[in-house]
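Structural overview for review
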Amino acid sequence: MPRVAGVAVRLALAAGAGLGLSSCAYQNEQELFASEQLTCDTVSVTYRGTIAPLLAQHCQRCHGPTRAESGVVVTAHHDVQTLGRTGQLLGVIQHKPGYPAMPDGGPMLAPCDINKVKIWVRAGMPDN
Ligand code: HEC
């Protein structure tokens, strides 16, 4: 009788530990997801509201009307769309091999901004 009870207790403990672990992992996942959502809005990505301001801030001083390094301009939707199609836009901002890393001489864009550009390119680079 005591032996059986001991096994039962051990089983209960093991089950409890198992539950504790899994609920903890689940909670962490939710927290990570929540903070990602709070800091990075990847739901309402548009060209005019998201992509154009991002390029204006980080790229246009070298790729605009007054200066067009490598002949690249990122002021009009059409130009950015072409860069998206050729893979250059994502190549340069993600520092992929074979592309010059952009912004030239500056820090890489924030992961959130890179995600937004990826989402827009994947969506077919709409002029919205
Ligand atoms: C400080 C100036 C500067 C900034 C800011 C800058 N670039 Fe550039 N960009 C350059 C120069 C210089 C080159 C030519 C580099 C080379 O060919 O090695 C270049 C080249 C490029 C090219 C051509 C790549 C190729 O395959 O030949 C693209 C596309 C580009 N930049 C996009 C961007 C984007 C997008 C941003 C903003 C995230 C940006 N650049 C920010 C200076 C800049």
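Our subject is the structure listed above.
Throughout what follows, the structure given in this document is the object of discussion. Please read all numbers here as calculations on a predicted model, not as lab measurements.

1. A word on the nonpolar core
Buried together is how nonpolar side chains tend to be arranged in soluble globular proteins. The biggest cluster of nonpolar side chains holds 21 residues, and the ones touching the most others in it are Leu89, Val117 and Trp120. Of all the secondary-structure elements, those providing two or more residues to this core are helix H2 (47-58), helix H3 (77-86), helix H4 (88-93) and helix H5 (111-122). The contact partners of Trp120, leaving out residues within four places of it in the chain, are Val45, Thr46, Tyr47, Ile51, His77, Val80, Gln81, Leu89, Met125, Pro126 and Asn128.

2. Some remarks on the pattern of salt bridges
The full count for this structure, using the stated rule, is 2 salt bridges. For Asp127, the salt bridge identified is with Arg48, shortest N-O distance 3.4 Å. Of the two residues, Asp127 sits in the segment after H5 while Arg48 sits in helix H2, which places them 79 residues apart along the sequence. Arg48 sits in the exposed class, given a relative accessible area of 56%. Residues Arg67 and Glu69 are paired through a salt bridge, measuring 2.9 Å at the closest nitrogen-oxygen approach.

3. A few points about the site of the ligand
Taken together, 17 residues lie around the ligand, and Cys59, Cys62, His63, Ser70 and Met102 are the ones closest in. Contact between the ligand and His63: a nitrogen atom at 2.8 Å from a side-chain N or O atom of the residue. Here an oxygen atom of the ligand and a side-chain polar atom of Gln88 are 3.2 Å apart. Per-element tally for the shell around the ligand: the top contributor is H4, with 4 residues.

4. Concerning the state of the cysteines
Summed over the entire model, instances satisfying the criterion amount to 1 disulfide. At a sulfur-sulfur separation of 2.2 Å, the disulfide partner of Cys40 is Cys112. A torsion of 95° about the S-S bond marks the disulfide between Cys40 and Cys112 as right-handed. Taken together, the residues span a long stretch of sequence, with Cys40 in the loop between helix H1 (2-39) and H2 and Cys112 in helix H5 at a distance of 72 residues.

5. Topic: the coordination of the iron atom of the ligand
At this site the iron atom of the ligand is bound by His63 (NE2) and Met102 (SD), with donor distances of 2.0 to 2.2 Å. Around the iron atom of the ligand, the 6 donor atoms sit at angles spanning 86 to 178°, and that spread fits a shape best called octahedral. Here His63, found in the loop between H2 and H3, pairs with Met102, found in the loop between H4 and H5; they are 39 residues apart in sequence, far enough to count as distant. A residue is classified by how much of its surface remains accessible, and Met102, at 18% relative accessible area, is buried.

Calculation rules
Per chain, residues are indexed from 1 in the order of the written sequence. Predicted model: local features are reported for residues with pLDDT of at least 70 only, side-chain atom pairs are reported and counted for 80 or more only, and whole-chain, interface and lining totals are derived from all residues. Hydrogens are left out, water is left out, and the side-chain values use all remaining heavy atoms of the structure. Among buried residues, those of type Ala, Val, Leu, Ile, Met, Phe, Trp, Tyr and Cys that are joined through side-chain atoms within 4.5 Å constitute a nonpolar core. Type-normalised accessible area, obtained with a 1.4 Å probe on protein chains alone, sets the label of each residue: buried when under 20%, exposed when over 50%, and partly exposed for intermediate values. Comment: elements are numbered from the N terminus, with helices defined as DSSP H or I runs of at least four residues and strands as E runs of at least two. We call two residues in contact when some of their heavy atoms are within 4.5 Å. Any carboxyl oxygen of Asp or Glu that lies within 4 Å of a side-chain nitrogen of Lys or Arg is treated as forming a salt bridge with it. Any residue with at least one heavy atom within 4 Å of a molecule or strand is counted as near it. A 3.5 Å cut-off defines polar contacts: any pair of N or O atoms within that distance qualifies, except that in protein one atom must be a possible hydrogen donor and the other a possible acceptor, and neighbouring residues in sequence count only when both atoms are side-chain atoms. Here, a disulfide means two cysteine sulfur atoms that sit within 2.5 Å of each other. Distances up to 2.8 Å from the metal define which N, O and S atoms are donors, and 3.2 Å serves for Na, K and Ca; water is absent from the atom set, so sites may look incomplete. Four donors are marked tetrahedral only if all angles between them lie between 85 and 135 degrees, whereas four are marked square planar and six octahedral if opposite donors are more than 155 degrees apart and the other angles lie between 65 and 115; the remainder are marked irregular.

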